[in-house]
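Chain and residue survey
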Amino acid sequence: MQAFELLQPADTREAIELSARTKGAAFIAGGTNVVDLMKCGVASPSTLIDITRLPLAAIDVEPDRLRIGALVLNSAVAHHPVVVEQFPMLAEAFLAGASPQLRNMATIGGNVLQRTRCPYFRDPAAACNKRHPGDGCDALEGLHRMHAILGTSDACIATHASDAAVALVALDAILEIQGPSSARRVSLEEFYSFPGDTPNVENDLRPGELIVAIEIPRGRAHKHSTYLKVRDRASYEFALVSVAAGLDFDGDRIGDARIALGGVGTIPWRVRAAEDALLDSEGDSAYERAAQIALEHAVPRRDNGFKIELAKRAIVRALETVRRGQ
Amino acid sequence: MPQMKLKINGSSHDVELEPNVTLLDALRERIGLVGTKKGCDYGQCGACTVLVDGRRVLACLTLAMMHQGAEITTIEGVASNGSLHPLQQAFIEHDAFQCGFCTAGQIVSALGLLTEGHAHTDGEIREGMSGNLCRCGAYSNILAAVRQEVRRAGV
Amino acid sequence: MTTIVSDKPFVGTPVDRVDGRLKVTGQAQYTADTPVEHVAYAVMVTSTIARGKIGSIDSSEAREVAGVLQIFTHENSPRFTQPEADFMNALVPAQSFMPLQSDEIIHYGQQIAVVVAETFEAARAAAARVRVAYEAGHPLLSPDDAEAQRTKPEQFFGSMLQTERGDVEKYLEGAAATLDARYTTPTQFHNPMEPHATVAQWNGSKLTIHEPSQWVKGVQNYVATIFKMPVEDVHVISPFVGGGFGNKGFSFPHTILAAMAARELKRPVKLLMTRAQLFGQTGHRPRTEQRLRIGAQKDGKLVAIDHTSTIEASLAGWFVEPSGRITPMLYSCPNVRMSHEAVWLNVPAPGPMRAPGETPGTFALESALDELAAKLGVDPIELRVKNDTSHDEEGNRPFSSRHLVECFRAGATRFGWKDRPKKPRERREHNEYVGYGVATATFPGLRSPASARVRRDNGRFLVEVATHDIGTGMYSIIAQVAADALGVGIEQIECRIGDSSLPPAPVAGGSMSTASVMPAVQAACLKLRESGANEAEASTMPGDEQERYSFHSFGAQFVEVRVDETLGRVRVARALGVFDCGKIVNPKTARSQFLGGIVFGIGMALMEDGVFDRRSGRVITDNLADYRIPVNADIGEIEAIAVEHPDFLLNPLGVRGVGEIGTTGVAAAIANAVYNATGKRVRDLPITPDKLL
């Protein structure tokens, strides 16, 4: 971790202005990603802007949406009664991630921006197109059991690491972003970029911009939902595959569905085609069909092909779990 | 080099620290509170767990400078006036440690867990303590000790 | 015959650890906690290629970091020679290669520079700025690499690695039932919670070293030999060790580098190893490929066994995992061959890790026997009982004490073995198939010479031995034995251990400490008591019973797994280990050791997998997120009990060690249980979801 300056602005405007005009500056909130990457030698901002004092930690419960300030802790979102009761996939996704201590440090804003866990990305001595476009990708022929099968390119197969972002994408979450001269809203799903030829570009955040809040609109399939995470050990581990799933039934038939996948995509993977396949069906055999569709375009590598079958089964299991819970 | 005040276990410490000093290294190398351990320095083992304003966090992944004004509790602040906290006593009774290196982190983490309101069942305690690795494998006894304290404290 | 004189002995009672208060209050002092005035911080730089040469190493950018005191490389470091391993004389380097001596690189992660600075942050920042250009060669990283040398090592610490009795081929061919299967165990890393570290301080020509160690005398000899100093001028102190599991037993170059830096800078140096460096420099259990060919009669009586192992070894070291070691000894069988082949690679030096040999060996052998039992329709426990023996057929001598069958019987009753699913896939609850498995556990009962001193002062007694407590409970059991021998209360006893200036004791390895040290402690205390003096010292050693008997501990591991086959998830719902380890000094700490061993075995069976990148040689899983050890939520209801038959042939107290046996057999029991649950036989650890889909 190289030396840096730490600035502690008092308000959001000041924080954004500092970020816009200071070369090599990065925001720090919980620090669980920033400090980690600095220790790896992957990130070396010359200035850190501490945003923890900014008034961005409120959760507003409104009739048509939930608005969560960007600085709300993972643990606070996970245990908020409205989230637990009305957006259970989100509570479960947060609780499935990291450890209790990390959830007490990490913010929702930082969570959606977290970088990949690919060991070649995290090793400055390895070839990584995400760190240096054109250097190559050591993961392609290396250890890539945890890597992505969806949204990949020959330049990058790194998995997106966040659990919460998977649920948020399933819930049609919207980011509120403030910049030096304007504010905007963007759907979280559209915010993320595929690696393509430029894996160094992961999202649409522009210089000086700060995520200030995340909105979750209410939706029919949000209340009966779950997050299923499959991993090699029982806790404190990133996903092999994960599924955020929600269903709303009109009598016996599915009126609305939400499915998003984690552990398999270079970005959190919403699968609308699978959701559409579920509409109007009664479930069970439709779940298998939806799972097929969801993994249709998966591109396995030498050692992670098992994720295709595992993801399909996890989708079916998650949908069954939601159905049983109703 | 910035001057700062850190409030630890009820006492105020004046320290001069570069911004890139983690809370863990500030405690251990600058202030001399070595009870909190460094197991991995990357937030992957939980040995460095401390409480910040009552919340359990990992001291290795946060910067000391960002916690001025916060009430920081380390293992050194758990016993009071030489009397062991009942949880510490429970750890001894149940042999909830072997080499002892992860123990400070386990105890402080358990104290945090007890205030979070989600330690009612064995499953919740196991999951709630899964952020603290123990290579000696004392998990069964850690569970027993924490469970005993949950019952005693009625949380 | 025991000579403990107390009528209400502490030995045999579950005394709370006497160092417990220190550990739960954060006052137990580990190496990195040692207060040192004016200390300088050292951080190592390591190579990022596995074979070749350093073309250039440029420290100029690193020196710009404020607070840097010196940067040592092969270009400016003193010359040292790595001594040969000499176990009998307590001198065992972990590697054969001394770093910072030349531009040669023989493994990824090799130490190539030491940065010393006023603060840890400066040392770390500077270390990241040392610029190295390499001339990379083709690293040998796989047994498939034709250039890699293959040898057949002769022995491992005195036990032979290539043996044969009878005529294996003939009797395999004629056997009524045969099995031929291959098993693999992954590279495993010890990962004690405490990373290695060294604090080195010179006082004139005398050197004090604080270091977490399982063998302070070994480190003392190592340092003295390399620095060409009188042994008594080197003082190694290690009162608390945050876990070792074998990787703090031998002596490491980083100790030399820290001492060198301290000497050159005329200042105490604290060298902290990073967690990632533990994966590259402090030993590991190498990957094994084992083949079991077994021939048996229809009733399960073993007729022939051929156990071959291929071990990945290191060009930087000498250690070879003796995975076949248990096979000629464990059961009665007239024809047995055991052989090992080592493949020498550009990987870091492996080293002994909790039950080296027995751990991977029991996985292969006990899985194979389970497969044989299934093939023959014989109950797996009955198969072991049928082949039990009171005679070590390899060493040609009786076992001093062997109660394996009792362990199986007691375990079967307690575990409910009769309720085991009679065939695979028979029992399903919710989403999970249920299965039970068993396996034999075993570990040698070693004993070495040891000495102890006891001093009386005002009603209190100080016992001193250069032995070690690495979580094993040594502080407590010394106090228990001493209290009994002196006829006093345990609160009157103080123990000082982990100090090379104290009476010598062996490595806290090979589970030999209890059996070696307790007799010395008892003898010294009895001597004090009988002589009435204020100080007494005693040395004890094994005698010719070592030639007349074969000393081993045994056990039976029982496991119940629940397998959610759809998602490939295995969980150990219950486990029970029943152990025959002689007299147990402290049932509380022994139980903890057994349980810890079972947890260790669960990690091996289900999740631990050390991976070297086959192109660069880097340990890709060089951190605690990617190298998965069990977390609390992985552990269900596990229990451990001991059947106590004191082994008075081994020593007067009848005690044997307990630290390693708990982990043996666990992985096989789990694999066997997974088979019982699902009908799927996994021979390649770890058993992860992708192997069960």
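The shown structure was predicted, so the numbers you read here are calculated from the model rather than taken from an experiment.

Concerning the overall build of chain B
On a plain count of helices and strands, chain B comes out with five helices and five strands. In chain B, the order of α-helices and β-strands from amino to carboxyl end is β-β-α-β-β-β-α-α-α-α. Against the 2.2 N^0.38 benchmark of 15 Å for 155 residues, chain B shows a C-alpha radius of gyration of 15 Å, consistent with a compact globule. Taken along its principal axes, the extent of the C-alpha atoms in chain B is 45 × 30 × 25 Å.

Topic: the packing of helix 9 (residues 358–376) of chain C against helix 16 (residues 666–678) of chain C
Describing two packed helices takes the angle between their axes plus the distance from one axis to the other. Residue and element names in this part refer to chain C. Contact geometry for helix 9 and helix 16: axes closest at 8 Å, N-to-C directions at 30 degrees. One way to sum up the angle between helix 9 and helix 16 is to call them roughly parallel. For helix 9 against helix 16, the interelement crossing comes out right-handed. Residues Thr362, Phe363, Glu366, Ser367, Asp370 and Ala374 of helix 9 pack against Ala667, Ala668, Ala671, Asn672 and Tyr675 of helix 16. Taken together, the residues of the contact of helix 9 with helix 16 break down into six nonpolar, three polar and two charged.

Considering the pairing of strand 29 (residues 637–642) of chain C
Every regular strand shows the same layout, with side chains that alternate between the two sheet faces. Residues and elements named next belong to chain C. In terms of strand pairing, strand 28 (residues 569–580) meets strand 29 through six bridges, oriented parallel. Residue pairing in the sheet places alanine 575 in a bridge with isoleucine 638 of strand 29. Once you follow strand 28 into helix 15 (residues 587–606) and on to strand 29, the crossover reads as right-handed.

Considerations on the interface of chain A and chain B
Each partner contributes to the interface: chain A provides 34 residues, whereas chain B provides 30 residues. Between chain A and chain B, roughly 2400 Å² of surface is buried when both sides are summed, and carbon and sulfur atoms account for 58% of that area. The largest contributions to the chain A side of the interface with chain B come from Lys39, Gln101 and Tyr236 of chain A, which together make up 27% of the buried area. If you look at where chain A meets chain B, you find one salt bridge. Note that aspartate 41 of chain B is salt-bridged to lysine 39 of chain A, the shortest N-O span being 2.8 Å. Across the chain A-chain B interface, the total number found is twelve residue pairs in polar contact (both at pLDDT 80 or more). Mapped onto the side of chain A that touches chain B, the elements with two or more residues apiece are strand 1 (5–7), helix 2 (34–40), strand 3 (47–50) and helix 6 (100–103) of chain A. The leading source of residues in the side of chain A that touches chain B is helix 2 of chain A, at four residues.

As for the sheet that holds strand 26 (residues 535–540) of chain C
In any sheet, the strands associate via hydrogen bonds between backbone groups, in a parallel or an antiparallel arrangement. Residues and elements named next belong to chain C. Read from one edge of the open sheet, four strands run 25-24-23-26, paired in mixed fashion. The sheet is open, and its two edges are formed by strand 25 (493–496) and strand 26, each paired on a single side. For this sheet the average axis-to-axis angle between neighbouring strands, irrespective of direction, equals 20 degrees. Of the strand pairs in this sheet, strand 24 (residues 460–464) and strand 25 are connected by four bridges, and their pairing is parallel. Looking at strand 25, one finds that valine 463 is bridged to cysteine 495. Packing against the sheet, helix 12 (residues 474–486) makes contact with strand 23 (450–457), strand 24 and strand 25, and its axis sits at approximately 135 degrees to strand 25. Here helix 13 (residues 513–531) sits on the sheet in contact with strand 23, strand 24 and strand 26, set at roughly 145 degrees to strand 26.

Focus on the pairing of strand 5 (residues 111–117) of chain C
Residue and element names in this part refer to chain C. Counting buried residues in strand 5 gives seven out of seven residues, a clear majority hidden from the surface. The pairing of strand 3 (residues 68–73) with strand 5 spans five bridges and is classified as antiparallel. Across the sheet, the residue bridging to phenylalanine 72 is valine 114, located in strand 5.

Reading the values: rules and limits
Residues numbered from 1 in each chain as written. Chains lettered and ligands numbered in written order. Predicted model: local features only at pLDDT ≥ 70, side-chain atom pairs only at ≥ 80, totals over all residues. Heavy atoms only, no water. Helix = DSSP H or I, 4+ residues; strand = E, 2+ residues; numbered from the N terminus. Rg over C-alpha atoms; globule rule 2.2 N^0.38 Å. Axes fitted to C-alpha atoms, helices over the stretch in contact; angles between N-to-C directions. Parallel < 35°, antiparallel > 145°, perpendicular 65-115°, else oblique. Left-handed = near helix turned anticlockwise from the far one by under 90°. Contact = heavy atoms within 4.5 Å. Nonpolar A, V, L, I, M, F, W, Y, C, P; charged D, E, K, R; others polar. Pairing = 2+ DSSP bridges. Right-handed = clockwise from strand over helix to strand, strands pointing away. Buried area = accessible area lost by both parts, 1.4 Å probe. Salt bridge = Lys/Arg side-chain N within 4 Å of Asp/Glu carboxyl O. Polar contact = N/O pair within 3.5 Å; in protein donor to acceptor, adjacent residues only side chain to side chain. Buried < 20%, exposed > 50% of the residue type's maximum accessible area, 1.4 Å probe, protein only.

Bear in mind that shape data such as this cannot, by itself, settle questions of function.
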